[in-house]
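These are the residues of each chain, in order.
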Amino acid sequence: MSWIEDGLVLRRRALRLTRGNREEAEDLLSSTLVKAVSHVERHDTEVREPRAFLLFAMKNEYISRLRRQNSERQVRDFQADVYQDHTHGLADRQPDQENQLRHQDALRKVLKAVDGLTPDFRDIFRMRFCEECSYREIARHLSISEPLARKRVQHLRGHLRSVLDEEIDPEDRISGKDVSQVSS
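Here's a quick rundown of the structure. (Residues numbered from 1 in each chain as written. Predicted model: local features only at pLDDT ≥ 70, side-chain atom pairs only at ≥ 80, totals over all residues. Heavy atoms only, no water.)

Before going further, it helps to spend a moment on the pattern of salt bridges. By the definition in use, this model includes 10 salt bridges. Glu 61 serves as the salt-bridge partner of Lys 35, at 2.8 Å between the closest nitrogen and oxygen. Residue Lys 35 is located in helix α3 (residues 22-43), and its partner Glu 61 is located in helix α4 (residues 50-75); the two are separated by 26 residues in the primary sequence. Of the residues examined, Lys 35 reaches a relative accessible area of 44% and is grouped as partly exposed. A salt bridge links Arg 108 to Asp 105, with the nearest nitrogen and oxygen atoms 2.6 Å apart. Taken together, the residues span about one helical turn, with Arg 108 and Asp 105 both in helix α5 (residues 97-115) at a distance of 3 residues. Residue Asp 105 is classed as partly exposed on the basis of its relative accessible area, which comes to 40%. Connected via shared salt-bridge partners are Asp 27, Lys 35, Glu 61 and Arg 65. (Salt bridge = Lys/Arg side-chain N within 4 Å of Asp/Glu carboxyl O. Helix = DSSP H or I, 4+ residues; strand = E, 2+ residues; numbered from the N terminus. Buried < 20%, exposed > 50% of the residue type's maximum accessible area, 1.4 Å probe, protein only.)

Put into structure tokens, the structure is as follows:
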């Protein structure tokens, strides 16, 4: 009898929970009634506050539906194109041939630029980029101050960037004159 008496309150709550979707609200109401009746019959419970019991059952049913929908969304990817070829993700993650050629050209330019460096700058390149020495270790090895070691590495980086950005002759960029300016 409480279902009939409290039907308006339950229907409003169901509409509020389903954000105004009447079909979902009716579905929520009917599944709430089925679960509430089966619970009372199965556990032989006496319900003192039927409206509160039904509202509580409706809230639990709504939460169960949300959890079910969320787990379905985790399993299914609704954004996925079912007609898309899914084997492309299984291929090797190596760059394509064009990118490999571009990287090889850049590496050749850097190696050519390093070959054109003075012996001191080649040592700095080797220590900083090959052996990954700190500025302190570079300064100690070259018997210079740490700020000067930083400055030389900074100058070396700038030179290598310019070689990669522009098509210039590496011997023209760093010569013995450039080294003497940086070392002062």
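In total, this model carries 1 aromatic pair according to the counting rule given. Relative to Phe 129, the ring of Phe 125 has its centre 5.3 Å away and its plane inclined at 45 degrees; by these criteria the two rings are tilted. With Phe 125 and Phe 129 both in helix α6 (residues 119-130) and 4 residues apart, the pair spans about one turn of that helix. With a relative accessible area of 16%, Phe 125 lands in the buried category. The ring of Tyr 135 carries the charged tip of Arg 128 above its face, separated from the ring centre by 4.3 Å. (Phe/Tyr/Trp six-rings, centres within 6.5 Å; stacked < 30°, edge-to-face > 60°. Lys NZ or Arg CZ within 6 Å of the ring centre and 35° of its normal.)

What follows is about the nonpolar core. With 18 residues, the main nonpolar core has Val 114, Ile 124, Ile 138, Leu 156 and Leu 160 as its most contacted residues. Residue assignment for this core shows that the elements contributing at least two residues are α5, α6, α7 (135-142) and α8 (146-165). Per-element tally for this core: the top contributor is α8, with 5 residues. Beyond its immediate stretch of four places on either side in the chain, Ile 138 contacts Ile 124, Met 127, Arg 128, Cys 133, Ala 149 and Val 153. Of all hydrophobic cores here, the second largest spans 11 residues; its members include Ala 25, Leu 29, Met 58 and Tyr 62. (Core = buried A, V, L, I, M, F, W, Y, C linked by side-chain atoms within 4.5 Å. Contact = heavy atoms within 4.5 Å.)

A few words now on the side chain of Ser 31. Along the polypeptide, Ser 31 turns up in helix α3. Sequence-distant contacts of Ser 31, defined by excluding residues within four places in its chain, comprise Glu 61 and Arg 65.

Any link to function would need more than the numbers given here.
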